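Here's the letter readout for the chains.
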Amino acid sequence: MSQKILLTGGNGFIGKNLYEILSKEYRIYKPNRKELNLLDSENVQEYLKKNRFDIVIHTAKWSEKNTKKIVSYDPNNENLRMFMGLESGKEYYGKMYYFGSGAEYGSDHYTPYMEESYFGRYMPRDSYGFSKFIMSKICDTTNNIYDLRLFGVFGKYEEWKRRFISNAICNALINRHITIQKNVFFDYIWVNDLAEIMKWFIHNDPIYKHYNICRGEKIDLFSLAVLVREILNIDCEIEIKEKGFKTQYTGSNIRMKNEIKNITFTSFELAIKNLSDYYMKIIDTIAFNEMTESL
């Protein structure tokens, strides 16, 4: 019998993609907020105790849609509370994988192809990075929680108004400029590749508690924009507003590749072609007047 898996955030970008792919092979439970309120620690404990999952895949993020009240808040505090609720019930599941971030290394101190051993050398100054930093520290104190650090994930269902690759595709499709505020090298991974990597983590017990989940290769935004333009065969302008490059944001994936021996990554050409096909199918549903002009 396949393992019993709880997927949080099943309606979000990563969660929705993981559910589509993994549910073909595994028993995936994707509760809604009424069934499982991650901000209610007692509800979380009761749900975990009742269901006894083999694996928890935590992708949920707090959203303004979660409340009708107009309050002053830091969403990263709510994300930390959700994580802590699941952590407090760790005795009721086999293991939990959650998605951390390269921001844990501290944006003021990014270096090319950061290794997991770089973690802890600097404390992030920003609220997002610091919340992920805290989760990672807590992860170290447990026996069954693992931090999968993401750098850049792209694919369908992402927030196309603010995520570069989807934004570039949508702009190109309506013959608008692809605008880049300032160029930067990223370490992107196709969300379908992430799902394949998760299959390995479902079936295996990792050696370490922290893994950089990335391609381990850099690509800059301008090169991605050129690929989008070539794949769509649309001669739209690519505008870079500020000269130079931002600090490179890339990770080393040697630790992951040492364990997942047969790992492969979809080429950017094929991934962007697939994503472009998706947007062409839903082009009439996109509110282009709300698009972000530059990233």
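Our structure's up above, just so we're on the same page.
Throughout what follows, the structure given in this document is the object of discussion. (Residues numbered from 1 in each chain as written. Predicted model: local features only at pLDDT ≥ 70, side-chain atom pairs only at ≥ 80, totals over all residues. Heavy atoms only, no water.)

## Here's the deal with the pairing of strand 7 (residues 178–183)
In terms of residue burial, strand 7 counts as a mostly covered element, since 5 of its 6 residues are buried. As paired elements, strand 7 and strand 12 (residues 238–245) share 5 bridges and run parallel to each other. If you follow Ile 178 over to strand 12, its bridge partner there is Ile 238. (Buried < 20%, exposed > 50% of the residue type's maximum accessible area, 1.4 Å probe, protein only. Helix = DSSP H or I, 4+ residues; strand = E, 2+ residues; numbered from the N terminus. Pairing = 2+ DSSP bridges.)

## Quick look at the pairing of strand 5 (residues 145–150)
The buried fraction of strand 5 is high, at 6 of 6 residues. Two strands pair when backbone bridges link them, and strand 4 (residues 95–101) and strand 5 are joined in this way by 6 bridges, in the parallel orientation. Paired with Met 96 across the strands is Ile 145, a residue of strand 5. Remark: the strand 4/helix 4 (residues 127–139)/strand 5 crossover connection has right-handed handedness. Strand direction decides the pairing type here: strand 5 and strand 10 (residues 210–213), joined by 4 bridges, are parallel. Bridge pairing links Asp 147 to His 210 in strand 10. (Right-handed = clockwise from strand over helix to strand, strands pointing away.)

## Here we look at the sheet that holds strand 1 (residues 4–8)
Sheet architecture is open: 6 strands sit in the order 2-1-3-4-5-10, paired in parallel fashion. Looking at which strands have only one partner, the edges of the open sheet turn out to be strand 2 (27–29) and strand 10. Recorded for the sheet is a direction-independent mean angle of 25° between the axes of neighbouring strands. Strands strand 1, strand 2, strand 3 (55–58), strand 4 and strand 5 of the sheet are contacted by helix 1 (residues 13–22), whose axis makes an angle of about 155° with strand 1. Those strands touched by helix 6 (residues 191–203) are strand 1, strand 3, strand 4, strand 5 and strand 10, and its axis lies near 145° from that of strand 4. (Axes fitted to C-alpha atoms, helices over the stretch in contact; angles between N-to-C directions. Contact = heavy atoms within 4.5 Å.)

## So, the nonpolar core
Grouped together as the largest cluster of nonpolar side chains are 31 residues, with contacts concentrated most on Leu 18, Ile 57, Phe 99, Met 198, Phe 201 and Ile 213. Elements with a contribution of two residues or more to this core: strand 1, helix 1, strand 3, strand 4, strand 5, helix 6 and strand 10. Looking at this core, the element that brings in the most residues is helix 6, giving 8 residues. Contacts of Leu 18, omitting those with residues within four sequence positions, involve Leu 7, Ser 23, Ile 57, Thr 59, Phe 99, Ala 195 and Met 198. Ala 172, Leu 232, Ala 271 and Tyr 279 belong to the second-largest nonpolar core, a separate cluster that totals 30 residues. (Core = buried A, V, L, I, M, F, W, Y, C linked by side-chain atoms within 4.5 Å.)

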